[in-house]
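Structural description and commentary
Each chain, letter by letter, is given below.
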Amino acid sequence: MAGPEMSPRERVLAVFNRKPCDRVPVINPTSLATLESMRLANAYFPNAHLQGDAMAALAAVGHDTLGFDSVTPYFSVHAEAAALGCCMDWGKPDSLPRVLESPGGEPDDFVLPPNFLDRKPVKTVLQAIKALKKKYGAKVAVIGKVIGPWTLAYHLYGTADFLLSVVLEPEKVHRYLRNLAKVPLLFAQAQFEAGADILTWADHVTADLISAKSYEEFLLPVHQHCNKQLVKAGPVILHVCGPVIDRLDLFCQAGFEAFHLDSRNDASVAAGIAGERLILAGNINNPATLLGGTAADIKEAVHYALDGGIQLIAPECALPCRVANRNLMEIVRAAHCWKAV
């Protein structure tokens, strides 16, 4: 850490530019929305998923009240799926949306609608990003988010059916991914143009669901292609829930600037694999540490992650809505008082 005090945005971007910063940045690559924050912003789920002003107001609490160096307005993983025809339950203030019914279909049937960016769930995210960029300018890092083609296939075709195709109909899976990759690419470019400084690319290729070999065969080439298209747009953070140590080397080959990992992956082990190839963000446990832990537990987790090599401290994934805001502010305090050994 070095130099005069930076703005939150300068601090975050310094890490991506491999430059020193004044203190450890604390970011939120996924959802930071809590019930307390909804009350503070007067912006509640499900409206905050579908109204741009409510989405922006709720995201702003992450910086204005909690002290994070970034704001992230996309609180679920369902905007693209809803815009592409999935029947949705948009949830309640204390629960996230879920797909009730998928449209299904064959891979070659998929057509990206020409008005995709104008469909409400997608347009809402773009409106919120524009509002946040107008509010913060160059002060706070604005992080957008897209859902990658693998996760999008779960939503559109059903998780079980899609994973069965990985085994029984591999060529169909290749066609699904090639076609669906058009969606996050278009949405990512639109978010950068709307004012996002950084983008989270969520693609749930965890070891709980698929092998590292399947990732290498099916999705790695797609990720490499997409990152080549986005290289001039801005930094992209890959997000994958669950254990991923066995495929982290492959993620390093995919072209992402950073990886957001959860607490089932030890920070020091991950850092040993990633080396200088991939910036690591995360990996503070949500349910045990942030929902049920004490201030001491949070400080210990943050310092353990930083000692292990995490460069951007963050909750490991979208927060349970009942996490107390004081625990999120404790992440910031713990990061600020950490001293590199």
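See the structure above.
What you are looking at is a predicted structure, and each value in this text was computed from that prediction instead of being measured. (Residues numbered from 1 in each chain as written. Predicted model: local features only at pLDDT ≥ 70, side-chain atom pairs only at ≥ 80, totals over all residues. Heavy atoms only, no water.)

**Topic: the pattern of salt bridges**
Side chains that carry opposite charge are capable of pairing whenever their charged atoms lie near each other. With the rule as written, the count across this model stands at 17 salt bridges. Between Glu106 and Lys172 there is a salt bridge; the shortest N-O distance is 3.2 Å. Taken together, the residues span a long stretch of sequence, with Glu106 in the loop between β3 (98–101) and α6 (120–136) and Lys172 in helix α9 (residues 170–180) at a distance of 66 residues. Between Lys172 and Glu169 there is a salt bridge, and its shortest N-O distance comes to 3.5 Å. Of the residues examined, Glu169 reaches a relative accessible area of 37% and is grouped as partly exposed. Within this structure, Arg9, Lys133 and Asp197 form a network of salt bridges that share partners. (Salt bridge = Lys/Arg side-chain N within 4 Å of Asp/Glu carboxyl O. Helix = DSSP H or I, 4+ residues; strand = E, 2+ residues; numbered from the N terminus. Buried < 20%, exposed > 50% of the residue type's maximum accessible area, 1.4 Å probe, protein only.)

**Focus: the packing of aromatic side chains**
Between two aromatic rings, the relevant description is the distance of the centres plus the angle of the planes. Overall, the coordinates contain eleven aromatic pairs when judged by the stated rule. Ring centres 6.5 Å apart and planes at 80° place the aromatic pair Trp150 and Tyr154 in the edge-to-face group. Of this pair, Trp150 and Tyr154 both sit in helix α7 (residues 149–157), separated by four residues, roughly a single helical turn. Every member of this aromatic cluster is reached through a ring pair, and the members are Trp150, Tyr154, Tyr157, Phe162, Tyr176 and Phe218. (Phe/Tyr/Trp six-rings, centres within 6.5 Å; stacked < 30°, edge-to-face > 60°.)

**Comments concerning the sheet that holds strand β1 (residues 70–71)**
A sheet is described by the order of its strands in space; here seven strands give the open sequence β1-β4-β5-β6-β7-β8-β9, paired in parallel fashion. Strands at the two margins of the open sheet, each flanked by one partner only, are β1 and β9 (312–315). Note: strand β8 (residues 279–284) against β9, four bridges, orientation parallel. Residue pairing across strands places Gly282 opposite Ile313, the latter belonging to β9. (Pairing = 2+ DSSP bridges.)

**Thoughts on the pairing of strand β6 (residues 236–239)**
Here β6 shows no split at all, with Val236 and Leu238 on one side and Ile237 and His239 on the other all buried. Here strand β5 (residues 198–202) pairs with β6 via four bridges, running parallel. Within the sheet, the bridge partner assigned to Ala202 lies in β6 and is His239. In this structure, β6 lies alongside strand β7 (residues 258–261), joined through three bridges in parallel fashion. If you follow Ile237 over to β7, its bridge partner there is Ala258. Note on the crossover from β6 through helix α12 (residues 248–253) to β7: the handedness is right-handed. (Right-handed = clockwise from strand over helix to strand, strands pointing away.)

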